[in-house]
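# A structural walkthrough
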Amino acid sequence: MGFIDIFSQQLVNGIVLGSFYALVALGYTMVFGVVKLLNFAHGDLYMVGGFAGFLILSFLSPFIGPGWFGVAVSMVFAMIAVGILGVVIERVAYAPMLSAPRLSILITALAVSLVLQNGMLTITKGQYVPFGSALGFGGVNLGSLFISYNQMILVGVSIALMAGLEIFVSRTQYGRAMRAVSVDKDMSRLLGINVNRVIAGTFFLGTGLAAAAGTMAGAYYGSLWYFMGFLIGLKAFTAAVIGGIGSIPGAMLGGLILGLLESFGTQLPGVGSEWKDVFSFSVLILVLVFKPTGLLGKPEQERM
Amino acid sequence: MTLLQVQGVSLSFAGSKVLQGVNFAVAEGAIASLIGPNGAGKTSLFNCITGFYKPQAGSIRLAGTETLRMKPHQVTRSGIARTFQNVRLFREMSVTENVMSGLHCRTSAGIIESILRLPGQQREETMIRDFAEECLTFVGITEGWDRDATTLPYGWQRRVEIARALATKPKLLLLDEPAAGLTSSEKEDLIGLIGRIRDQRGISVLLIEHDTGLVMRVSERISVLDHGVMIAEGAPKEIQANPKVIEAYLGVEDGEASLGL
């Protein structure tokens, strides 16, 4: 294969990977925006989303089949179910800690992460679980470049979800309330905004997007594992930081950039794919050192 | 008709008494002011009225409804809006969006309607934008609607804040030092605006203000708070002549000067 072929193939791989990162990073960044919490359980909610999608698909596939249609329907139900789980976690574990020191809620998030991981470890006994989807192997050849339909659908669905979120946040009253709450909670209350409900809504949306990514990842890669959320949680955090944590367009951009960096970085001479994670987290450190506000983030303004 | 009735409100923080049995009323359709030396408890009283502070004793009623046990967003819903001493517009939102956010409590579209963007939600969105633009025009902001609100000149930002408070469709508007930092011509505009808010929109106005000249001109009733105690209430002329007020203001003969006599 020539340089151009490798380049374009890695471009496609990077975009697919970047879509997953972006979807998970969005939830990270949205939750950080409204409650200033790094939700370390977010990656595990992606994992739970994958298992929820698997369960729903195994019920529904006799009726609607295990193809993309079945996966898409399962994904919608998984988003709702896991979104509600996200709200319950917020109400039970985080809401009582919101006025406590920042470190307490961070540790609570770690605890929630461990509960979800170990709960799933117990249920699945640490085994890989086949997702049970049947997606086919078709695709399009552009010269020597091959793009599978699965990749196209996956990226298409991700873009649709992100566009929907962007419209929701920028053009609806609820989205404006979310932005208002992230800037000034007391002022939002004075304008009649029920801040607790907006926070719950943000958890619902953020967790729902992670569940969508989890279901699609399960369908695309074909199997699930209780530990699958750990690394992507860290990667999503990295993506959110690259884009500027708290910024929604930043999370999308950061996810895409991280996906591309990984897929191209591993093609550098002497750098194999086993260096992928080293590459990502080195980028995280560089961003934190040289541009801690990220590409689209704004410095935090402390207010009275 | 009494719109706001504050009765026997006492508030203390860690043993220090901020408000002591404050009785206070604002009539429907009135323009009233709350004055007093620094630290008298004026802003604390505002915080009690808007539900941010919970007084240990007393009652606060808006048009007969007890608001003391309500959460701040419920108080706003029941018809009280306020602005702050310092400008608190939402950054990274346009001028229009800032005012639109004030209509949150008057709209019904929840998260599901908004995600699905149902026709009802879209109609409501248009209604919200129209009302926000009407409020902006009312306060005299007719351009720069798409700019980031925090990039506007200071005097304009204050007016956008008033427009945002008006967007909550209040019965009573609380203005906390609305003239602070304004030029004298902006203060003239403010006096006109406060009059129009009452006359054209039927909203009662209660302001805290240190510019006593402005207070005397704009208010029909004035209440004076000193060390957490309401010491006088009356028309501007009566307040200017009240020896207790003059004493509270400086405790010396210069009190007359500071009251704009």
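Just so we're clear, the structure is a prediction, and the values are computed from it rather than from any experiment.

Cut-offs used in this document
Residues numbered from 1 in each chain as written. Chains lettered and ligands numbered in written order. Predicted model: local features only at pLDDT ≥ 70, side-chain atom pairs only at ≥ 80, totals over all residues. Heavy atoms only, no water. Helix = DSSP H or I, 4+ residues; strand = E, 2+ residues; numbered from the N terminus. Rg over C-alpha atoms; globule rule 2.2 N^0.38 Å. Buried < 20%, exposed > 50% of the residue type's maximum accessible area, 1.4 Å probe, protein only. Contact = heavy atoms within 4.5 Å. Areas by Shrake-Rupley, 256 points an atom, 1.4 Å probe, with all protein chains shown as cover. Lys, Arg positive; Asp, Glu negative; His and termini not counted. Charge placed at Lys NZ, Arg CZ, Asp CG, Glu CD. Phe/Tyr/Trp six-rings, centres within 6.5 Å; stacked < 30°, edge-to-face > 60°. Lys NZ or Arg CZ within 6 Å of the ring centre and 35° of its normal. Pairing = 2+ DSSP bridges. Core = buried A, V, L, I, M, F, W, Y, C linked by side-chain atoms within 4.5 Å.

Another aspect to go through is the overall build of chain A. Broken down by element type, chain A carries 11 helices and 4 strands. What you see for chain A is a C-alpha radius of gyration of 19 Å, in line with the 19 Å of a compact globule of 304 residues. Dimensions along the principal axes, computed over C-alpha positions, put chain A at roughly 60 × 50 × 40 Å. Within chain A, buried positions represent 53% of all 304 residues. Looking at chain A alone, contacts between residues at least 24 apart form 76% of all its contacts between residues at least 6 apart. Counting every atom, chain A has about 13,100 Å² of accessible surface; 73% of that belongs to carbon and sulfur. Looking at charge distribution, chain A has the averaged site of its 15 positive side-chain charges lying 9 Å from that of its 11 negative ones.

Of the regular secondary structure elements, chain B holds 11 helices and 10 strands. Taken over C-alpha atoms, the radius of gyration comes to 19 Å for chain B, in line with the 18 Å a tight globule of 261 residues would show. Dimensions of chain B, computed from C-alpha atoms along their principal axes, come out at roughly 65 × 40 × 35 Å. Put simply, chain B has 261 residues, and 56% of those count as buried. Summarising the internal contacts of chain B: among those between residues at least 6 apart in sequence, 68% fall at separations of at least 24. Just so you have it, chain B exposes about 10,800 Å², and 50% of that area is on carbon and sulfur atoms. Both charge centroids of chain B, one from 28 positive and one from 30 negative side chains, sit 7 Å from each other.

Counted according to the given criterion, the structure contains 16 aromatic pairs over all chains. Their ring planes at 55 degrees and their centres at 6.5 Å tell us that F40(A) and F237(A) sit as a pair that is tilted. One end of the pair, F40(A), is in the loop between α1 (3-35) and α2 (42-64); the other, F237(A), is in helix α9 (residues 228-243), with 197 residues separating them in the sequence. By relative accessible area, which is 25% here, F40(A) ends up partly exposed. On the accessibility criterion, F237(A) (17% relative accessible area) is buried. The ring of F90(B) carries R164(B) above its face, with NZ or CZ at 4.8 Å from the centroid.

Let's shift gears to the sheet that holds strand β5 (residues 65-66) of chain B. Residue and element names in this part refer to chain B. With antiparallel pairing, 4 strands are arranged side by side in an open sheet as β2-β1-β4-β5. In the strand order of this sheet, the two ends are held by β2 (16-27) and β5, each with one partner. Sheet topology note: the strand β1 (residues 2-13)/strand β4 (residues 57-62) ladder contains 5 bridges and is antiparallel. Opposite L4, over in β4, you have L62 as the bridge partner.

A separate point is the nonpolar core. In this structure, F20(A), L26(A), L37(A), Y46(A), Y94(A), L165(A) and L205(A) are the most contacted members of the largest nonpolar core, which totals 95 residues. A per-element tally of this core places α1(A) first, with 15 residues. Residues contacting L26(A), with those up to four places away along its chain left out, are M162(A), L165(A), L209(A), I248(A), A251(A) and M252(A). Grouped together as the second largest cluster of nonpolar side chains are 38 residues, I141(B), L173(B), L190(B) and I203(B) included.

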